[in-house]
Amino acid sequence: YVASLCRLHREDYREKIQDPEFRPEAYISDYMYWLMKVKSDFQWQPPLNQCIQAMRDSCVEEVIEVVAGTKQDLATLQACMDEHYTVRHDFRFNNSRLPSGSHLLPMGAFVGKNLKTSVVYEKMESLPVPAEFFFGWAKHDVTHQKIEAMKEFHMVKLAWCGSRCYKASALQRSISR
């Protein structure tokens, strides 16, 4: 932790000392920035990343992201789906495989969109590119009990993340006073 902070500080200091208007006494804010960044990278992020990974592992669906980089890619993705946003048959797009029955999720380019109607489907080719598509499909042996267990696990983990972020923001507020 301290070694990383010192290394980042030295690199930053070498770069800034080249500036003729550099004043070492004004560098205190930069010290604080590097301290918070390194603390975040080594202390705050790993538990949150572990929490996110545990939530992914508990999901009853696999999720894949594909990026349509051109208008032709948009047309290709639209052609592989029906008007209910479900992939008709196993489909290969760039280096990704979309299994038959996978469905478009309201994420990426479709955040906030109503995927229960075909309005978005009909206008899909007019999306700005690059456009991110997220598809989901059920893992093996999905039962109602597994879905409920996943929901409960996610709520517990989200509450933990919320309390951790609240504590971090409270600490930040106390430091800034």
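The written sequence of each chain sets the order in which its residues are numbered from 1. Local features in this predicted model are restricted to residues whose pLDDT is 70 or higher, and side-chain atom pairs enter the listing and the counts only when it is 80 or higher, whereas totals over whole chains, interfaces and linings include all residues. As a rule here, side-chain values cover all heavy atoms of the structure and leave hydrogens and water aside.

S.K.: I'm lost on the overall build of the protein in this one. Help?
M.R.: Helix numbering and strand numbering both begin at the N terminus, where a helix is a DSSP run of H or I of at least 4 residues and a strand a DSSP run of E of at least 2. Scanning the protein from terminus to terminus reveals five helices and five strands. Beginning at the N terminus, the succession of helices and strands in the protein can be written as α-α-β-α-β-β-β-α-β-α. Taken over C-alpha atoms, the radius of gyration comes to 23 Å for the protein, far larger than the 16 Å a tight globule of 177 residues would show. In terms of principal-axis extent, the alpha carbons of the protein reach across some 65 × 45 × 30 Å. A radius of gyration in this sense is built from C-alpha atoms; the matching globule rule multiplies 2.2 Å by the number of residues raised to 0.38.

S.K.: Would you take a moment to explain the sheet that holds strand E1 (residues 61-68) for this structure?
M.R.: Backbone-to-backbone hydrogen bonds pair the strands of a sheet. The strands run either parallel or antiparallel. Judged by pairing direction, the sheet is antiparallel, and its three strands sit side by side in the order E1-E5-E4 without closing on themselves. Edge positions in the open sheet fall to E1 and strand E4 (103-104), since each of these has one partner strand only. In this description, strands pair whenever DSSP reports at least two bridges between them. Pairing of E4 with strand E5 (residues 131-138) involves two bridges; the strand directions are antiparallel. Among the inter-strand pairings, His103 is bridged to a residue of E5, identified as Gly136.

S.K.: Would you explain the packing of aromatic side chains in this entry?
M.R.: Aromatic ring pairs are reported here in terms of the distance separating the ring centres and the angle at which the planes meet. Any Phe, Tyr or Trp ring, taking Trp's six-membered ring, that has another such ring centre within 6.5 Å forms a pair; planes under 30 degrees apart are called stacked, those over 60 apart edge-to-face, and the others tilted. Following the criterion strictly, the structure yields four aromatic pairs and no others. Taken together, a centroid distance of 6.1 Å and an interplanar angle of 80 degrees make the contact between Tyr85 and Tyr121 edge-to-face. Within this pair, whereas Tyr85 is found in the loop between helix H3 (71-80) and strand E2 (91-93), its partner Tyr121 is found in helix H4 (residues 119-122), the two being separated by 36 residues in sequence. For the pair Tyr85 and Tyr121, one class covers both residues: buried. The structure contains a cluster of three or more aromatic residues connected by ring pairs, namely Phe110, Phe133 and Phe135. Each residue's exposure class comes from its accessible area (1.4 Å probe, protein chains only) as a fraction of the maximum for that residue type: buried when under 20%, exposed when over 50%, partly exposed otherwise.

S.K.: Whenever I open this one, the pattern of salt bridges confuses me. Can you help?
M.R.: Opposite charge on two side chains allows them to pair when their charged atoms are near. Salt bridge, as used here: a side-chain nitrogen of Lys or Arg that lies within 4 Å of a carboxyl oxygen of Asp or Glu. Considering all chains together, one arrives at three salt bridges under this definition. The salt bridge involving Lys151 is made with Glu148; its shortest N-O contact spans 3.8 Å. Taken together, the residues Lys151 and Glu148, both in helix H5 (residues 144-176) and three residues apart, mark about one turn of the helix. Note on Glu148: relative accessible area 37%, which makes it partly exposed.

S.K.: Hey, could you run me through the pairing of E5 in this one?
M.R.: Both faces of the sheet carry side chains from a regular strand, because those side chains alternate between them. Strand direction decides the pairing type here: E1 and E5, joined by eight bridges, are antiparallel. Its bridge partner being in E5, Glu62 is matched across the sheet by Trp137.

S.K.: Looking at this structure, how should I read the nonpolar core?
M.R.: The set of buried Ala, Val, Leu, Ile, Met, Phe, Trp, Tyr and Cys residues whose side-chain atoms join them within 4.5 Å is what this entry labels a nonpolar core. By size, the foremost hydrophobic cluster in this structure holds 22 residues, and its most contacted members are Leu77, Phe133 and Phe135. At the level of secondary structure, the elements contributing two or more residues to this core comprise E1, H3, E2, H4 and E5. Two residues form a contact once any of their heavy atoms are found within 4.5 Å. Setting aside chain neighbours within four positions, we find Phe135 in contact with Glu62, Val63, Ile64, Val66, Leu77, Met81, Val87, Leu98, Ser102, His103, Leu104 and Leu105.

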